[in-house]
Amino acid sequence: VSSVDPVGSEAQLKDLGASVCFKLASYPGRISDTACTFNSTGVLCGCLKLLISLIEAGGNNFLVEGSPHILNTINVSPWSDEGAKLVEDKPLIDLMGAIFDGFISSSKSGASPVCCDVDSRRLAFNAVASAAKACGEGRGYTILAKKINVIIANVAPSLRHKWGQKPVVDGSNNSRNTANYSGLKNQGCTCYMNSFLQQLFMMPDLRENLCSAELPSSLRSTGGGALAKGDALIGKKISLHWDSGQNFEAMVEGYNADTDMHTISYLPIVPGQQVGQHNQVPQPDFHSLPRELPDEFILSEGRPGKETGAFEICPSSNMARTSVAGESSQEGPDAGPTEELKESEDEASSRKLLEEVQRTFVNLDEARGRCYDPRALVEASHCLKLEFDVWQQNDAAEFATKLLDRLEISLKKWSPSHFKYLTHKFGLKTTKQKICKECGLKSNREGDLISIDCQVRNKSNIHEGISAMCEEELMDGENKVGCDKCNKKTNTVLRTAVSQLSDVLVLSLKRFDLDYTTFETVKINSRYEFEETLNMKQYTLEAKELLEAAQPQERKSETGSMMDLGESDAGNEEDSDPLAALPDEDYEYRLAGVLVHAGVAQGGHYYSFVKDRTSGKWYRFDDEDVTPFDPKLIEQECFGGKMKKETKYPNGHVHTVESEQFANALLVFYEKVKPSEFDDSDTEVKESASDTAMEEEPKSIAPKPKASNGYEVFLPEVKKSNSTHSWQSFLLTDEFQAFVKDLLEVCTNPTQSSEDSMDITPNSSPSPAIPITEIESWRLNIINTSFSFVFDVLFHLALDSNVRRIWTEKMIQLLASSPAFSAAFVADLAKRTHTVYENWIRAYTVECSEEASSYAALRIFSCAIASTVSQPSEQLLLSNWTQSWASQVADRER
């Protein structure tokens, strides 16, 4: 900079401005987490300092060429398109937008901002402030306030009814950042549910198949936002489900498209009349009581401690309804042929469960930076009829079996191809055989299983557990079994074998068993081993039959089975292996996950170790926390048994204590190395036959109902939630808060300049102070934006007391600096009382549960009112109003 020639320096400064902008434009395309520190603390900070100095030196003059280039390169929308009056300052306005949207905010979903450390963010905000200041007539401040208001409006609805929320800032130390996966919130005792759901979620093909399953849009619960939403609900009566388990009816009175909130009024609750045998107690006139204040919130989310987010439209008297109670009835042209859709109560509850599984998986798949709260899924799981209430701890193995069974009900009815895929994925089949020892008749009975129960008591590994299931039993003496061919009871061999292997093999370790001494359920913590690979060939029916066929004929006649095969001479089997005809790769499995229970039979905690199918890395999913895991520790963490702990004392003695490990595997998940091909030809044939029947009898077949899958229904909600979370993190950074404070300083002290400026021009005279007797529009915009940031975002969070105090004093100082500021704020405060959502007085006097935030807000309100009332003009108006009011009261009394 010092080498700039004063003669012709303008051309050189233009070249410098273009070079700086070209250099800055090269950062967004190749930014990464590993390069963040280098970029931010190195060349990036220097470029931003130069940019600030160029802006302060010449405004538009030195950035005419560079500003359009950086805007087009980073591909953000130009801020100058907001209005025709911005043409004069177009390079500066567009540069503000490029820095704000491309460098310091998270406007691009999934992309990290270029300025990802404190120094670079602070300099970027200074560059934006300098560009806004350089624009004429406050145009830069006006557009900047408008953009910040859009961000606040995006975040505020999610915080409106929440108080004391812990601030979440991107870059903070949380499990999502380290493991790149989201966790599930524990509702208190729902770890049994979370641990299995996270196992299912980590199966990519299964997750995609379940989420893409279609359900009739007209039957989807309204809480999912399928059809009945927006202004279509105005004038309808709805029944909202509360955390207490009760349902309350309300009328929908309005809808705000900007916030996606509905205004409702709860209907009076009239208790049932109790009529005695000799007298009747008169009921009070509930209609004479004052109405409840209307409420405004997002129906699908509810409010903490009140609504759960689940609601149904109450059918009107003239509305024919064929679905079961508790489902939403849709009206309008998009509703589809609802009258033709019928489902039993059991089918309806299963459908709701599938919906919530879809919602949970879509959120876990798309949500960034936070855990998901599956409260609605827990509520929908009541239909599983677990041993205990869903809010209490249950057996994870029981939940797994019943969940998959329930999902099959809805999939079979509404998405047959997805049902077939689920049965293919977990479609394990076993065959129980009866073999008559006299005639050799075999009777087969095939059954479906989701998991294989492996005995733990007196067993040491999964092979012994599976062998116990497949071992043969000779029924003789009094236990003979009837033979259909012999027409009498004969000595019979009973055996079980696996007749069809599934792609996902779930082994359920029976660690909970009955103690026959105390007749209480106890947990068996003995050591139980399992390997990384598992070959299931020896346990299959085809393997048993091959081994049986390879037996000598005389041994077959003696046993009629392969019970004594293990005692045959080894030399006879060395020549040829009967199972060699079965390729090992068709029966090979690899370990994919372990679900662990830590505790005793009466209580404990569940969590999962899961393998990422893409990267091969292992992770520990412990409710909200997701952290990397070393698979070498599986033996230590999952096998159970006893562990020795040595304590060495200074005198050289070693004390060894052997303790029982209470954390051990409960469910073990294996995946086939060579998955079997999925063939849905049967479904296609059925659909083809259905289409043919429709062509032959078009009048008798109802049209196919409009359907939607989980991605179509829930993905927009998740993307909106991601955007809200990203903007909330942006608003809560220390640099943004300092930026807003600097803007407020500009309103009262317009001569302030950036401390990081570089003086590259010889002349620079300070601007005269701007009088504040009358508020200019740009000043009013900045002030209103600041108050909205404080009352709609900041005071809703669990702030440090010092931060809250600083902001409170800042607002009070601003109001005290000018009566015009106070009058404008009071006018806006009064205007807000005509609304529900924007009513700050109601929010901080009636609804706020944080005493410190409520006290701080009331201090600001009282300061503004006192400052306004102290003005002679306001006192005169107040005096005239009180006299008029007193006169009206006197006239009524006469």
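Criteria and thresholds
- Residues numbered from 1 in each chain as written.
- Predicted model: local features only at pLDDT ≥ 70, side-chain atom pairs only at ≥ 80, totals over all residues.
- Heavy atoms only, no water.
- Helix = DSSP H or I, 4+ residues; strand = E, 2+ residues; numbered from the N terminus.
- Buried < 20%, exposed > 50% of the residue type's maximum accessible area, 1.4 Å probe, protein only.
- Contact = heavy atoms within 4.5 Å.
- Areas by Shrake-Rupley, 256 points an atom, 1.4 Å probe, with all protein chains shown as cover.
- Axes fitted to C-alpha atoms, helices over the stretch in contact; angles between N-to-C directions.
- Parallel < 35°, antiparallel > 145°, perpendicular 65-115°, else oblique.
- Left-handed = near helix turned anticlockwise from the far one by under 90°.
- Nonpolar A, V, L, I, M, F, W, Y, C, P; charged D, E, K, R; others polar.
- 1 Å grid on protein atoms, 1.4 Å probe; cavity = no way out; pocket = protein on both sides within 12 Å on 5 of 7 lines; lining within 4 Å.
- Points joined across faces, edges and corners; volume = space filled by probe spheres on them.
- Expected span 1.5 Å × (residues − 1).
- Polar contact = N/O pair within 3.5 Å; in protein donor to acceptor, adjacent residues only side chain to side chain.
- Pairing = 2+ DSSP bridges.
- Salt bridge = Lys/Arg side-chain N within 4 Å of Asp/Glu carboxyl O.

Asks: Could you clarify how one ought to interpret the overall build of the protein chain in this entry?
Replies: The helix and strand inventory of the protein chain stands at 28 helices and 25 strands. Counting the 894 residues in the protein chain, one finds 45% classified as buried. Summarising the internal contacts of the protein chain: among those between residues at least 6 apart in sequence, 72% fall at separations of at least 24. Carbon and sulfur atoms make up 50% of the accessible area of the protein chain, which amounts to about 45,000 Å² in all.

Asks: Looking at this structure, how should I read the packing of helix H9 (residues 191-201) against helix H13 (residues 396-414)?
Replies: Any two packed helices are characterised by how steeply their axes cross, that is the angle between the axes, and by the distance between the axes. Running from N to C, H9 and H13 point in directions that differ by 55°, and their axes come no closer than 9 Å. By the angle between their axes, H9 is oblique relative to H13. Every pair of crossing elements has a handedness; the one defined by H9 and H13 is right-handed. Only Ala396, Phe399, Ala400, Leu403 and Leu404 of H13 make contact with H9, whose side of the interface consists of Tyr192, Met193, Phe196, Leu197 and Leu200. Taken together, the residues of the contact of H9 with H13 sort by class into 10 nonpolar, no polar and no charged.

Asks: What's the story with the environment of glutamate 88 in this structure? I'm lost.
Replies: Along the polypeptide, glutamate 88 turns up in the loop between helix H4 (66-74) and helix H5 (90-104). For the pair formed by glutamate 88 and glycine 136, sequence separation is 48 residues and the distance between their alpha carbons is 8.4 Å. Dropping the residues within four chain positions of it, glutamate 88 is found in contact with Asn60 and Arg139.

Asks: Sorry if this is basic, but what is going on with empty space enclosed by the protein here?
Replies: To find leftover empty space, one rolls a probe the size of a water molecule over the atoms. Summed over all chains, the structure comprises three cavities of 30 Å³ or more. Put simply, the largest cavity is a space of about 60 Å³. In terms of lining, the largest cavity is formed by Phe196, Ala397, Ala400, Thr401, Leu404, Ile450, Ser451, Val506, Leu667 and Phe669. Secondary-structure elements contributing two or more residues to the lining of the largest cavity are H13 and strand S24 (663-672). Take the lining of the largest cavity: its biggest share by element is four residues, from H13. Space inside the second largest cavity adds up to approximately 50 Å³. Lining the second largest cavity are Ala145, Ile148, Ile152, Phe736, Val740, Leu743, Ile782, Thr785, Ser786 and Phe789. At the level of secondary structure, the elements contributing two or more residues to the lining of the second largest cavity comprise helix H7 (139-159), helix H22 (734-748) and helix H23 (777-792). With four residues, H23 is the largest single contributor of residues to the lining of the second largest cavity. A class-by-class count of the residues in the lining of the second largest cavity yields eight nonpolar, two polar and no charged.

Asks: When you look at helix H27 (residues 851-869) in this model, what are you seeing that I'm missing?
Replies: Each α-helix winds once per 3.6 residues, and so residues spaced three or four apart point in a common direction. Helix length check: H27, at 19 residues, gives a terminal C-alpha distance of 27 Å against a target of 27 Å (1.5 Å per residue), a fit within 8%. Every buried residue of H27 is listed here: Ser853, Ser854, Ala856, Ala857, Ile860, Phe861, Cys863, Ala864, Ser867 and Thr868. Close packing links the buried residues of H27 with H23, helix H24 (801-817), helix H25 (819-832), helix H26 (840-847) and helix H28 (872-893).

Asks: Just checking my understanding: could you explain the side chain of glutamine 737 for this structure?
Replies: With respect to the secondary-structure elements, glutamine 737 resides in helix H22. Exposure remark for glutamine 737: the relative accessible area of 8% places this residue in the buried category. A distance of 3.4 Å separates a polar side-chain atom of glutamine 737 from the backbone oxygen of leucine 732. A polar side-chain atom of glutamine 737 sits 3.0 Å from a polar atom in the side chain of tryptophan 807. Ignoring any residue separated from it by four or fewer positions in sequence, one finds glutamine 737 in contact with Leu731, Leu732, Phe789, Leu794, Val803 and Trp807.

Asks: I would appreciate a short explanation of the pairing of strand S7 (residues 428-436) in the present structure.
Replies: Strand residues, when the strand is regular, have side chains that alternate between the two faces of the sheet. Bridge count between S7 and strand S8 (residues 442-449): eight bridges; the pairing is antiparallel. Residue pairing across strands places threonine 430 opposite glycine 447, the latter belonging to S8. In sequence, S7 turns back onto S8 through a hairpin of five residues, with glycine 440 there showing a positive phi of about 80°. Where S7 meets strand S13 (residues 492-500), eight bridges bridge the pair, whose relative direction is antiparallel. Within the sheet, the bridge partner assigned to cysteine 436 lies in S13 and is threonine 492.

Asks: Would you mind showing me how to read unusual backbone geometry here?
Replies: Even without being a glycine, lysine 385 presents a positive backbone phi close to 55°. Mapped onto the elements of the fold, lysine 385 is located in the loop between helix H12 (375-380) and H13. Look at lysine 385 and you get exposed, because its relative accessible area is 65%.

Asks: Help me understand the sheet that holds strand S2 (residues 237-242), please; the structure alone is not making it clear to me.
Replies: Within a sheet, each strand pairs with its neighbour through backbone hydrogen bonds, oriented either parallel or antiparallel. Taken together, five strands build an open sheet; the order of strands is S5-S4-S3-S2-S6 and the sheet is antiparallel. The outermost strands of the open sheet, each flanked by one partner alone, are strand S5 (295-297) and strand S6 (307-313). Neighbouring strand axes in the sheet, compared pairwise and without regard to direction, differ in orientation by 40° on average. Judged from the four bridges that link them, S2 and S6 form a sheet pairing that is antiparallel. Bridge pairing in S6 links serine 239 to glutamate 312.

Asks: Help me understand the sheet that holds strand S10 (residues 473-475) in this model?
Replies: Taken together, the four strands give an open sheet; going across it, the order is S8-S7-S13-S10, and neighbouring strands pair in antiparallel fashion. At either margin of the open sheet sits one strand with a lone partner, and together these are S8 and S10. Strand-to-strand twist of the sheet, defined as the mean angle between neighbouring strand axes without regard to direction, takes the value 25°.

Asks: Please clarify how the environment of glycine 447 should be interpreted in this entry.
Replies: Here glycine 447 is to be found in strand S8. Along the primary structure glycine 447 and leucine 428 are separated by 19 residues, whereas in three dimensions their C-alpha atoms are 8.6 Å apart. Leave out the neighbours within four places in its chain, and glycine 447 touches Leu428, Lys429 and Thr430.

Asks: Explain the pattern of salt bridges to me, please; I cannot follow it from the model alone.
Replies: One side chain can pair with another of opposite charge once the charged atoms of both are near each other. Going through the model one piece at a time under the given rule, you end up with 34 salt bridges. The salt bridge involving arginine 359 is made with glutamate 356; its shortest N-O contact spans 3.0 Å. Taken together, the residues span about one helical turn, with arginine 359 and glutamate 356 both in helix H11 (residues 345-366) at a distance of three residues. Given the relative accessible area of 11%, arginine 359 is considered buried. Classification of glutamate 356 as buried rests on a relative accessible area of 10%. Through salt bridges with shared partners, a single ionic network connects Arg160, Asp295, Arg303, Glu307, Arg842 and Glu847.

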